[in-house]
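Summary of structural features
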Amino acid sequence: MEALVLTDIKKLEVKEIDRPNVLPDEVLIHTAFAGICGTDHALYAGLPGSTDAVPPIVLGHENSGVVAEVGDAVTNVKVGDRVTVDPNIYCGQCKFCRTGRPELCENLSAVGVTRDGGFADYFTAPASVVYQIPDNVSLKSASVVEPISCAVHGIKLLKVSPYQKALVIGDGFMGELFVQLLQAYGIHQVDLAGIVDEKLAMNKEQFGVKNIFNTNKGDVVPAEEYDVVVEAVGMPQTQEEAIAAAARGVQVLMFGVGGPDAKFEMNTYDIFQKQLTIQGSFINPNSFEDSLALLSSGKLNVEPLMSHELDYKTVDDFVNGKLGVVSKAVVKVNGEEA
Ligand SMILES: NC(=O)c1ccc[n+]([C@@H]2O[C@H](COP(=O)([O-])OP(=O)(O)OC[C@H]3O[C@@H](n4cnc5c(N)ncnc54)[C@H](O)[C@@H]3O)[C@@H](O)[C@H]2O)c1
Ligand SMILES: [Zn+2]
Ligand SMILES: [Zn+2]
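How each quantity is defined
- Residues numbered from 1 in each chain as written.
- Chains lettered and ligands numbered in written order.
- Predicted model: local features only at pLDDT ≥ 70, side-chain atom pairs only at ≥ 80, totals over all residues.
- Heavy atoms only, no water.
- UniProt positions renumbered as here; feature names shortened; annotations may be inferred.
- Near = heavy atom within 4 Å.
- Polar contact = N/O pair within 3.5 Å; in protein donor to acceptor, adjacent residues only side chain to side chain.
- Areas by Shrake-Rupley, 256 points an atom, 1.4 Å probe, with all protein chains shown as cover.
- Helix = DSSP H or I, 4+ residues; strand = E, 2+ residues; numbered from the N terminus.
- Nonpolar A, V, L, I, M, F, W, Y, C, P; charged D, E, K, R; others polar.
- Pairing = 2+ DSSP bridges.
- Donors = N, O, S within 2.8 Å, 3.2 Å for Na, K, Ca; no water.
- Buried < 20%, exposed > 50% of the residue type's maximum accessible area, 1.4 Å probe, protein only.
- Domains from an automatic or database assignment.
- Contact = heavy atoms within 4.5 Å.
- Buried area = accessible area lost by both parts, 1.4 Å probe.
- Expected span 1.5 Å × (residues − 1).
- Axes fitted to C-alpha atoms, helices over the stretch in contact; angles between N-to-C directions.
- Phe/Tyr/Trp six-rings, centres within 6.5 Å; stacked < 30°, edge-to-face > 60°.

Looking up the chain in an unreviewed UniProt entry gives the name 2-desacetyl-2-hydroxyethyl bacteriochlorophyllide A dehydrogenase, with the organism given as Weissella bombi. According to the UniProt record, the Sequence similarities (unreviewed entry) comment for the chain reads "Belongs to the zinc-containing alcohol dehydrogenase family."

Taken together, 20 residues lie around ligand 1, and Asp 171, Met 174, Val 233, Val 257 and Ser 281 are the ones closest in. One nitrogen or oxygen atom from the main chain of Phe 173 is found 3.1 Å from an oxygen atom belonging to ligand 1. With the chains in place, 77% of the 850 Å² that ligand 1 exposes on its own is no longer accessible. Mapped onto the shell around ligand 1, the elements with two or more residues apiece are helix H4 (173–184), strand S12 (189–194) and helix H6 (236–245). For the shell around ligand 1, the class distribution of residues is 11 nonpolar, eight polar and one charged.

With that out of the way, let us pick up the sheet that holds strand S1 (residues 2–8). Picture the strands of a sheet paired through backbone hydrogen bonds; they go either parallel or antiparallel. Here three strands make up an open sheet; going across it, the order is S2-S1-S4 and the pairing antiparallel. A strand with exactly one partner marks an edge of an open sheet, and here the two such strands are strand S2 (11–16) and strand S4 (57–58). Bridge count for S1 against S2 is six bridges, and the pairing is antiparallel. Counted as the bridge partner of Asp 8 is Lys 11 from S2.

Expected angles at a metal are 109.5 degrees for tetrahedral coordination by four donors and either 90 or 180 degrees for octahedral coordination by six donors. Every protein donor of the zinc ion (ligand 3) is listed here as Cys 91 (SG), Cys 94 (SG), Cys 97 (SG) and Cys 105 (SG), and their distances to the metal cover 2.4 Å. Here the donor residues of the zinc ion (ligand 3) share one chain and are spaced in sequence as C-x2-C-x2-C-x7-C. Of this pair, Cys 91 sits in the loop between strand S7 (88–89) and strand S8 (109–110) while Cys 105 sits in the loop between S7 and S8, and the two are 14 residues apart along the sequence. Note on Cys 91: relative accessible area 25%, which makes it partly exposed.

As assigned here, the chain comprises domain 1 (2–149 + 284–337) and domain 2 (158–280). Once you take the C-alpha centre of each, domain 1 and domain 2 turn out to be 27 Å apart. On the domain 2 side, the residues contacting the 15 residues of domain 1 number 13 residues. For the pair domain 1 and domain 2, the summed buried surface comes to about 1200 Å²; carbon and sulfur atoms form 74% of the total.

So, about H4. The first and last C-alpha atoms of H4 sit 17 Å apart over 12 residues, in line with the 16 Å expected at 1.5 Å per residue. For H4, the buried fraction is high: nine of the 12 residues fall into the buried class. Every buried residue of H4 is accounted for by Phe 173, Gly 175, Glu 176, Leu 177, Phe 178, Val 179, Gln 180, Leu 181 and Leu 182.

Okay, the sheet that holds strand S13 (residues 212–214) next. Taken in spatial order, the six strands line up as S13-S12-S11-S14-S15-S16 in an open sheet, and their pairing is parallel. For this open sheet the edge positions go to S13 and strand S16 (277–280), each flanked by a neighbour on one side alone. Recorded for the sheet is a direction-independent mean angle of 15° between the axes of neighbouring strands. Pairing analysis gives three bridges linking S12 to S13, with the strands arranged parallel. In the sheet register, Gly 194 faces S13, and the bridge partner there is Asn 214. H6 rests against strand S11 (165–169), S12, strand S14 (226–231), strand S15 (246–254) and S16 of the sheet, and its axis sits at about 150° to S15.

The zinc ion (ligand 2) binds to the protein through Cys 37 (SG), His 61 (NE2) and Glu 62 (OE); the donor distances cover 2.0 to 2.3 Å. Assessed through its relative accessible area of 16%, Cys 37 is described here as buried.

So, on to the packing of aromatic side chains. The relation between two aromatic rings is expressed through the spacing of the ring centres and the mutual angle of the planes. For the structure shown, the criterion picks out three aromatic pairs. Centroid distance Tyr 131 to Phe 288: 5.0 Å. Interplanar angle 35°. Geometry classified as tilted. Taken together, the residues span a long stretch of sequence, with Tyr 131 in strand S10 (residues 130–132) and Phe 288 in helix H8 (residues 288–296) at a distance of 157 residues. By relative accessible area, Tyr 131 is classed as buried at 19%. On the basis of relative accessibility, which here comes to 1%, the residue Phe 288 falls in the buried class.

What follows is the structure in structure tokens.
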């Protein structure tokens, strides 16, 4: 079968590889779509993602497809089911797994990071991380349930309430997901700060954002105004902007990821006098069912945000930043016909 293999750091090659064998507790999936994100950028460049990837490896931790074969011990899905895969596989044995915080697992492995993922005609995953897709959700939308679930996990770490006014900083795909999700979780007003006029306008016109700020063009985000602030960029400047926008007694979700050694400045009196909660968020435990329900109910609409459909050849242009403004790119492997 054909696969896009990371054969070395910064080297992606289309290769013929063997179709994987299925263990008793595993599922073989005929791939439909595989999303691509900043984690793939990092893994391509030899940096850690959720965990380390060692070439040769088939990337593709965001994916959807149709079950082609199941191992003898599998009971939750059958051949022909449309599915999506939570890439993160927790050990179930470490302190974090056994205290309800599996995302902090000391022995994390992941489909498309430590074992072959969705940039191939077929891939396998343990049945425990395979989820059926509701009939009214497309395979294309389902291929981004993994990043949706990261945002859902972030929101579940907050105390959200309808009275709150939220600010999302970041007009990338994650920021755009937060715009819709914060409203789906009941928050009555969401504002958005970004740098791309068209995306800011689209989120205001189609997705319920009240106020937009293009901070590259001189718009100023109001200080000490918001009850919830979500930082979804990962730069010191936007992290500092997030603290400044927070009102007293509120929560700041630091969702964006900077470089491994990046730092930002924080005034201790801000934290003390404003009694801020600064909440980190890592990956997406126990969130796939919520994400699929949000897609199926129409509370979340992702296809308008999915700007690029790539093939294996154009993935190289993506990781080298040659595609211009990308909201979300997915690789069409076998598409809706998978
Ligand atoms: N915590 C998690 O589990 C998790 C999961 C997925 C992604 N992330 C992180 O979330 C962040 C956003 O991811 P993404 O895929 O949306 O975007 P991205 O990493 O593709 O791009 C960053 C986005 O930020 C916007 N931006 C740049 N400068 C800005 C500024 N000054 N103000 C406002 N917006 C600005 C850009 O328009 C761009 O779309 C990244 O840092 C990513 O690593 C975290
Ligand atoms: Zn991803
Ligand atoms: Zn563990």
